[in-house]
Amino acid sequence: MSLEVPREMQAAIDAAASLRCLGPASFRTPSQHPKSPWLQQVPFVFWLMEALQPRSLVELGTREGISYFAFCDMVQQLGLATTCHAIASPADEENVRSRLGVLNACRHSSVSQILLEDAQAALSRFQPDSIDLLHLAGQPSLRDPLQDFEAWQAKLSERGIVLIGGFLAEENAPGLSRLWSELSARHPAFAFPHGDGLGILAIGPALPAGLRPLFEANAEQQAAIRAAYAHLGERLSAHHRLDDMPTPNAMRTGLASPTPGTAGQQTPPPSSQPLGGASGALSPSPSQAARIPVRPAGLRGTAAWRATAPLRSALRRLPPPLHRNLRRAARLAWWMLTPHRMPQRIAVLKALRQERRVAARHFLAFQPDAPGCGIGRTADRNGRYQLLREPAGYTYVPPQRPHDLDRILAGLPRRPRFSIVVPTYNTTAELLSRLLASVQGQWYPDWQLVFADDASPSEETRGFLRDIRDSRVETVFCTTNKGISGATNVALEHATGDYVVFLDHDDELTEDCLYELALCIAREDADYIYSDEDKITPEGTFTQPFFKPDWSPDTLMSTMYTCHVSCVRRSLLAEVGPLRSEYDGSQDWDLVLRITERAKRIAHIPKVLYHWRIIPASVASDLAAKPYAIDAARRARIAALERRGLVGTVEPVAQVPGYFRVNYKPQGEPLVSIIIPTKDNRPVLQRCVEAIREVSTYRGFEFVILDNGSSRPDTLDYLHSLAASADASVIRHAAPFNYSELNNIGARQAKGDLLLFLNDDTEAQSADWLERMGGYAQLPHIGAVGAKLIYPGTRMVQHSGLLNLSGGPNHAFLRRDADDPGYFMRNLLEYDWSAVTGACLMVERAKFEAVGGFDESFPVAYNDVDLCFRLLKRGLYNVVCPSVELLHHESLSRGLDHETPEQRARLDADRHRLYVAHPDLMMHDPFHNPNLHPSSVHFELPA
Amino acid sequence: MNDMMGSHRLADLAHAIAGAEAVSFDVFDTLFVRPLCDPEDAFDILGHRFGIPDFRTRRRAAQAEAFRRMQQAQRAEITLEEIYESFGPLPVPAAEIRQAEHDLELVLTQPNPEMVEMFRLALSQGKRVVITSDMYLRQAFFDTLLRRHGVEAVPLFISADRNATKRDHGALFDIVAQEIGVPHGKILHIGDNVLSDIRRADEKGLQTYHYTEARKPPRKVGESPTASLARGLVRVHGREVPQGTLEELGFMRVGPAAVGFLDWVIEEARRDRIDHVLFVSRDGYVLQQLAEARAARGATEMPPSSYLLGSRVAFTLAAMDERNFAEHLPFLAAGSHGLAPAEVLERLGVTPPAAHVMAQLGLGADETVREDRPAKLLELLNAWRWEILKVSRRNRRGLFRHLIDLGLRPGQRVAMVDIGWNGTTQQAFEAALQGLMPLETHGYYLCLTDSADCQRRRKAMRMKALVGSGTVPPEQLAAIYANRVGIEFFFSAPHHAVIGYDPGPEGVAPVEDPGRADPGDILGMSPQVLRGVLAFERHFASARQELALPPDPLGCAAALLDFAADGSWARESALAEVRNFDAWGSSRNRTMRLTDYATQA
């Protein structure tokens, strides 16, 4: 089975993408692959969900939940804040209803609720003008679609969209076709005829901006959009038929194969290449394809199979043992008569065996007990774990306590004592009991727990604390309300341990938390330690794990990513001072900023050691709910800049309210030398140079053009004219292409203190790009600074930072929407990265020279990665400024398909050499996390 | 205990010496010994040296002819000269070979430490001490021999010089009694030969002591002098290796096999133009130590070599990823019968879910895995795959770093040296190398079986074995394989099985699996074996050099393989306490003794 994009479809996909009716989300796949015609609509609906970002979604007529759970999955995959409701008939069979409930509880309970009610009865649960997306699921349970629609129309918001699924399959829901006919005549509408058909109606008066191109497309454009999605739908179905074969994870989750360092590859790809947007994301590489077994289902299409249908039908009616024996005998006879087909049969049998093995996948799921049960039980003991045949989404599974725990502890070179400090205020006894159980259940024995009650009016709280009978627990009752910082500081005054662990009053430590902290302290003698964390939903399931990067100073200036668990050496805490009430709401962020300024060793434990309980309307559930916290967060960073003597502004992030980034101002007026290698590429180079001259507000730059032996007259003319200009010099170096060598020559000739290595096929977009990147590049702790590169004509990411994953260096968020937040805002905020692309890389000259410049033994690929790795090993951090945007005219379709076997071999050899030079970074990215999918460039969870 | 018995034996002799007025010592196999299993093996050494393949036969014939002539001349003894006069035509002048034999005997004949001690005891007690020998070599030879080894000169009674022997009528004893002037009954004669030293001396009224060497190796037909030397070396250096110890096993069994195998590896590596030899843990430990000992003495015949930390488990995990996980499931579950489900994960270095989670899944500590019902275990492994894969990635990173640290670079030819048996570890290693580091891997094995799996792998990979279906009969191969655990133990290292790698900032640390059952002092045993091996190698190398013997890998290996194949190794008292050696199958539910793995022939 070929998974290549047919040539004729490329144009359609290109067209749909250029109309902004198709984007990275269109290439996503659902976590589950239910067998259904509806699957064919998933690529479009994924796009729709991302474009619409509905606040509320309701599906009427849910039965097995095929479409509904796909919606929920999309909400989770896309990180949307959508609340989903399914209206399922209480008249459905019990097993259907039960399955619906179990699947919802296991996978989607954080975003979804199932209502077992008639569509009319459920109406009262929804406010008028509250639903952004209404899906009429097209199941037989939807008895009267027209009546249902009319009743529900009042609940639609002014940007409300209605989807009518399966309107071409009349047996699904009589009346759907008629409904579609009527509504599409009155409202903006778009229909997809593939699969069982899908209709989209803009019912609300305010047409959502993201959907405007869809509804405003002309006939030709509509045809292209339909063709594109018909193809993507069919392809997804094809994947479904290959469901769970060994490769699909890699195929589904984005680029799994290494990106060749990128910057040095100056030659534009041939124009007739297959479209890479699909090929990169969905097509297996030749080596991957070779591993996909031949699907035996292919036999089912043969003439022989069809001809024997009546016989097979009759056989099926026989008693099973007889049936089985007859089948065996017949098969044996047929095989003996056709020995020449044995090799083929063996291949099919192997594939079948493989399929069975893979198909028998299981997943761990956690089913919490009903809320209110099991008081005093930690979250992972308040329910049951089970093995499911379906993916259950993220599930925290506690680890086994080591059998030789005592021996391990006895062997530790240090045995720190921990003081766990907990400020309480009106905390319920239930939550306190769970918190207390989580501390008392610690494997590591040397701890002290200090509660500081902030003058809770609640007798329940005070009573619980008073009644604790444990010599390791100390409780201080404040007589006046001091706020969270004040109360925590009171607890800190009573802390006597070597290290302080902060624990919020409604959260839990995992049982291995202190043990892991102790191991880490023994191993690294760290001053400050943080771990991964997750959240407990109000229903008691685990969700939203945050798998964090290792210590990233710039990330901490963008977001309070270290968060929980947070453990600091008490002597260091005494140095930096306690929590400050003026930063309440973000007091922990302020503290960690101060701690990490002084800490000599900061460690990250890539394990979930802390469960953060989601309490409705708490900061955990909605940052925006507390404006004071946002302001405190901003002020904490301003204070950090002042303390550090750095000049910069803390400015809001356009795409996400409540988030801020630091814009460092350049010190002095450094000359930026923009070093651009080129060859016979006048139009491209000219566009690059002119864009810089036009858009840049910072004027202290020079061009250093490295001419790698141009011979075309137009290019030579342009280079002459450039050489004659005041802000440019041209160096001719007509040697075989060596990107590293060219750039090193350029750096030696450059006069600036800041070097900006730039590909000639880029086009600067952000006016303040030079000062913004320069401000970062001048920071003493920064190595390379990168920018966000975007494919022209789209908002798709070409570069937003490089990941060093299992298969090698890769572009994070490749082809994802540039404005998509990404995993914990990583696509929008300044994060530290292992490497940035050399297509646009700024570095201070002194640092560049200190690491020896580019390694010229990497002429084509990985030279930028190698440079960044060397900066990293020098203790410098590489950072990406996502607010600096450039277009990168590298073809969207560039990918594995464009490599000859020789190029591939060369690339492999270069990658081997990269890791021979940096064995410590082989399959290791300190700014990724081992708990995330090892091949996904989108920070996806592996399960 | 054997050693104590040996001490008792010699105590008896000392007592006898004290009661005698004079003491007569036989020479060969008593006061002196040759480090060979058969004295005639020396003829093979000469044959090899002079390029006469059938020299042993011809030398025997010549001696028989000399006897015939002696009897015709009615003399009592022959001489070396007469033997060489009795030879047929030789390609080399007979006198040259005769001198060579004389000189060789001088080199080969070494003091027997325990008897020299008795010899000196007798002298110190003021006894009249003499040496008596039925030998075709003359007194001058013995004078030189004693001088050479600093043994005190005493009256010599050599049959070739006296025209009288012990063996025929005991006439030599009469001469002794007469010359030293001590009555027959007050002379104690000590010798190894039942007829000449005991019966004839008894007949002459002497006191006698029948000396038997405790560790005299049996003769073996068709054995090369090199192999004979390997087995016979203990006769000369036995005092260094106490009887009944692991060190003795190292000297007598493991040392010869290890040296032979290493010789073979060196030759194969030269032939295959290997850049780097990797001795795979744990079986490669002894060999690596040998190689280092040789290198320390300045030997340069070997390419650079390293001790490769790893195992089939470590390599298989390093080869696993999300795409091929399902293919490896059978391996993960293999040999798990009788284990608690969590132990199946522990032996991979993977932390299992907490006990209460396992219990809820029906896989608690009170459950045991049944190989005929693996479904539940497979479900768990499947559900836990991302945790397993996390360990896989850590191991893959660590393996890469380890290879780099060992000095390996892409494109090199490496020999992976392992004891055996079917190439599974090599297969796992090569799978782990895919996409990690392209190396041309050659597998060198002490022994490969003739199983279908092994044959299939031999077609797909570069694999060679010193011992295999081409070198030993199928039944012996099967017997060796049946006793493989014992052999693996002998070659093993003073560390637990390496099941992974922890690539920390300071370098790679091996992740070891001590198993789940108490292995006792198993790690203290390997150094004992190694001590014996290294002592053997030191003496063997010097003796072989002095005797200019060619390598005989297979012959040397037989010292161990014969011992292992018939299961007799399991009777060694030193092994009685070895338990839970196999970490993979180790379980808190049971204890496995090493000797439980023995299969008697």
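Cut-offs and rules
Residues numbered from 1 in each chain as written. Chains lettered and ligands numbered in written order. Predicted model: local features only at pLDDT ≥ 70, side-chain atom pairs only at ≥ 80, totals over all residues. Heavy atoms only, no water. Helix = DSSP H or I, 4+ residues; strand = E, 2+ residues; numbered from the N terminus. Contact = heavy atoms within 4.5 Å. Areas by Shrake-Rupley, 256 points an atom, 1.4 Å probe, with all protein chains shown as cover. Buried < 20%, exposed > 50% of the residue type's maximum accessible area, 1.4 Å probe, protein only. Arc of directions from axis to C-beta. Pairing = 2+ DSSP bridges. Axes fitted to C-alpha atoms, helices over the stretch in contact; angles between N-to-C directions. Buried area = accessible area lost by both parts, 1.4 Å probe. Salt bridge = Lys/Arg side-chain N within 4 Å of Asp/Glu carboxyl O. Polar contact = N/O pair within 3.5 Å; in protein donor to acceptor, adjacent residues only side chain to side chain. Parallel < 35°, antiparallel > 145°, perpendicular 65-115°, else oblique. Left-handed = near helix turned anticlockwise from the far one by under 90°. Domains from an automatic or database assignment.

(A) Spotlight on the overall build of chain A. Across its full length, chain A carries 32 helices and 32 strands. Counting only contacts in chain A whose residues sit at least 6 apart along the sequence, the fraction spanning at least 24 positions is 78%. Total accessible area computed for chain A in this model is approximately 35,700 Å², and 54% of it derives from carbon and sulfur atoms.

(B) Quick peek at helix α23 (residues 474-482) of chain B. All names here are of chain B. When α23 is considered as a whole, its buried residues turn out to be Leu477, Ala479 and Ile480. Along the axis of α23, the buried positions cluster into a sector of 160°, meaning they face one direction only. Set apart from the buried face of α23 by more than 90 degrees, the exposed residues are Pro474 and Glu475. Here the buried face of α23 lies against β11 (440-447), β12 (462-467), α24 (484-490) and α26 (553-565).

(C) Local environment of the sheet that holds strand β1 (residues 56-62) of chain A. Residues and elements named next belong to chain A. The mixed open sheet is built from seven strands, whose spatial order is β3-β2-β1-β4-β5-β7-β6. Where the open sheet ends on each side, the last strands, each with one partner, are β3 (112-116) and β6 (189-192). This sheet shows a mean twist of 15° between the axes of neighbouring strands, independent of strand direction. As defined by bridge partners, β1 adjoins strand β2 (residues 83-88) across six bridges and the pair is classed as parallel. Each bridged residue has a counterpart across the sheet, and for Thr62 the counterpart in β2 is Ala88. Across the face of the sheet, helix α2 (residues 42-52) comes into contact with β1, β4 (131-136), β5 (156-165), β6 and β7 (198-202) while running at roughly 165° to β4. Sheet strands touched by helix α3 (residues 66-78): β1, β2, β3, β4 and β5. Its angle to β1, the strand with the most contacts, is close to 165°.

(D) Region of interest: the interface of chain A and chain B. At the interface, 43 residues of chain A touch 35 residues of chain B. Summing both partners gives a buried area of about 3,700 Å² for chain A against chain B, and 61% of it is carried by carbon and sulfur. On the chain A side of the interface with chain B, the three residues burying the most area are A:Leu387, A:Gln400 and A:His912, jointly 16% of the side's total. Where chain A touches chain B, the interface holds zero salt bridges. Joining chain A to chain B, the criterion identifies 16 residue pairs in polar contact (both at pLDDT 80 or more).

(E) A look at unusual backbone geometry. Note the cis peptide between B:Ser281 and B:Arg282, where omega equals -5°. Note on placement: B:Arg282 falls in the loop between β8 (276-280) and α14 (285-296). For the peptide bond that leads from B:Gly420 to B:Trp421, omega is 20°, which places it in the cis range. Note that B:Trp421 resides in the loop between β10 (413-418) and α21 (424-433). In this model, A:Met825 sits at a positive phi of 65°, which is unusual for a non-glycine residue.

(F) Looking closely at the packing of helix α18 (residues 429-440) of chain A against helix α19 (residues 459-466) of chain A. Residues and elements named next belong to chain A. Two numbers describe how α18 lies on α19: the axes approach to 9 Å, and their chain directions differ by 30°. Accordingly, the angle class assigned to the pair α18 and α19 is roughly parallel. In this structure, the crossing between α18 and α19 has a hand that is right-handed. Facing Ala429, Glu430, Leu432, Ser433 and Leu436 of α18, the residues of α19 in contact are Glu460, Thr461, Phe464 and Leu465.

(G) The arrangement of the domain arrangement of chain A in detail. Residue and element names in this part refer to chain A. Here chain A is partitioned into domain 1 (7-243), domain 2 (248-256 + 269-363), domain 3 (378-382 + 408-618) and domain 4 (669-921). Each of domain 1 and domain 4 was reduced to a C-alpha centroid, and the two centroids are 42 Å apart. In this complex, domain 1 contributes nine residues to the contact, which on the side of domain 4 involves seven residues. Summing the contributions of domain 1 and of domain 4, the shared interface buries around 580 Å²; its carbon and sulfur component is 53%. The largest share of the area that domain 1 buries against domain 4 comes from Arg20, Pro24 and Glu50, three residues that together contribute 55% of it. Taken together, the links from domain 1 to domain 4 amount to zero salt bridges.

(H) Broad picture of the domain arrangement of chain B. Residue and element names in this part refer to chain B. Parsing chain B into structural domains produces domain 1 (6-215) and domain 2 (235-313 + 391-597). If you average the C-alpha positions of domain 1 and of domain 2, the two centres end up 42 Å apart. Each partner contributes to the interface: domain 1 provides 20 residues, whereas domain 2 provides 14 residues. With both sides pooled, the region where domain 1 packs onto domain 2 buries about 1,400 Å², and carbon together with sulfur makes up 54% of that total. It is His48, Pro113 and Arg215 that lose the most area in domain 1 upon contact with domain 2, and together they represent 39% of the buried surface on that side. Counting the contacts that link domain 1 with domain 2 gives four salt bridges. Taking the shortest distance from any N to any O, the salt bridge between Arg235 and Glu213 comes out at 2.7 Å.

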